[in-house]
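Commentary on secondary and tertiary structure
So the chains spell out like this:
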Amino acid sequence: MSLLDWLFPRKLSLETPQSEERRTQSTPLREPERQVRFPLSEKRPFDIIADAQAAWQATDVARAEKLFKEGVDAYKHSEPDGVAFGLGRYGAFLVDQDRADEALRVFEEAIERKTDIPAIWSDYMRIMSDRRDLDAFKRAVGLMAGAMKHHVEREFVLAHARRADREGASVFAEAVARWVVDTAASDGDKRGRWAAVGD
């Protein structure tokens, strides 16, 4: 026995023939885990809206609508600060389904809650522009300015006039452009006035 063997004796192997046999056996493959689905009552409102979006993308319209309504309702009961978000997604879904009147009511509910979510305002203003009612459009711009706590960019308003003109509603388009010129002049906004005059 060498000095090293005496100082550092080797540990005896505790393996038995049985454990050696167990080690060489192949381990069976694990079955893929099943996806766990929580009952709707346990899901957060955001998750319900996400499921609604997924159903919408999968063109399961009936399921999407059911989930959007449940998601909005869940927000109202447990996370009131998120109601406008849920309403905005539901409204976008309705716009996509060519249900503008229903979408408008949904967006108006979000607006009553003082939303400042840009996507909601964009969709709402598009519907108001499509109605070709100048007074209603002006009121909508005023509501938007109040909710966003600053004036609405002239370019944003003029984009609706340009689209209306492309769609053949030149009278409405000219009226919007004229209104932008007048409000820009009264506000001393030369850049906005020239942008509108250029249109």
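Up top you'll find the structure we're talking about.
Here goes a summary of the coordinates provided.

Compared with the 18 Å implied by 1.5 Å per residue over 13 residues, the 18 Å span of helix H6 (residues 100–112) between its first and last C-alpha is a close match. Buried residues along H6 sit in contact with helix H5 (83–96) and helix H7 (118–130). Following H6 by one or two positions, Lys114 has its phi on the positive side, about 65°.

Angle between the axes and distance between the axes: these two values describe a pair of packed helices. Close contact between H5 and H6 brings their axes to 8 Å; oriented N to C, the two are set at 165°. Relative to H6, H5 is oriented roughly antiparallel. Seen from above, H5 lies across H6 with left-handed handedness. Of the residues in H6, those touching H5 at Ala84, Leu87, Gly88, Tyr90, Gly91, Ala92, Leu94 and Val95 are Glu102, Ala103, Val106, Phe107, Glu109 and Ala110. Considering only residue class, the contact of H5 with H6 consists of 10 nonpolar, 2 polar and 2 charged.

This structure, assessed with the given rule, holds 9 aromatic pairs. Judged by centre distance (6.3 Å) and plane angle (80°), the rings of Tyr75 and Phe85 are edge-to-face. A residue pair is termed long-range when its members are at least 10 positions apart, and Tyr75 in helix H4 (residues 61–78) and Phe85 in helix H5 qualify at 10 residues. With a relative accessible area of 4%, Tyr75 lands in the buried category. Arranged with centres 5.8 Å apart and planes meeting at 80°, the rings of Phe137 and Phe172 form a pair that is edge-to-face. Here Phe137 is found in helix H8 (residues 134–148), whereas its partner Phe172 is found in helix H10 (residues 170–187), with 35 residues between them in sequence. One exposure class covers both Phe137 and Phe172, and it is buried.

About the cut-offs
- Residues numbered from 1 in each chain as written.
- Predicted model: local features only at pLDDT ≥ 70, side-chain atom pairs only at ≥ 80, totals over all residues.
- Heavy atoms only, no water.
- Helix = DSSP H or I, 4+ residues; strand = E, 2+ residues; numbered from the N terminus.
- Expected span 1.5 Å × (residues − 1).
- Contact = heavy atoms within 4.5 Å.
- Axes fitted to C-alpha atoms, helices over the stretch in contact; angles between N-to-C directions.
- Parallel < 35°, antiparallel > 145°, perpendicular 65-115°, else oblique.
- Left-handed = near helix turned anticlockwise from the far one by under 90°.
- Nonpolar A, V, L, I, M, F, W, Y, C, P; charged D, E, K, R; others polar.
- Phe/Tyr/Trp six-rings, centres within 6.5 Å; stacked < 30°, edge-to-face > 60°.
- Buried < 20%, exposed > 50% of the residue type's maximum accessible area, 1.4 Å probe, protein only.

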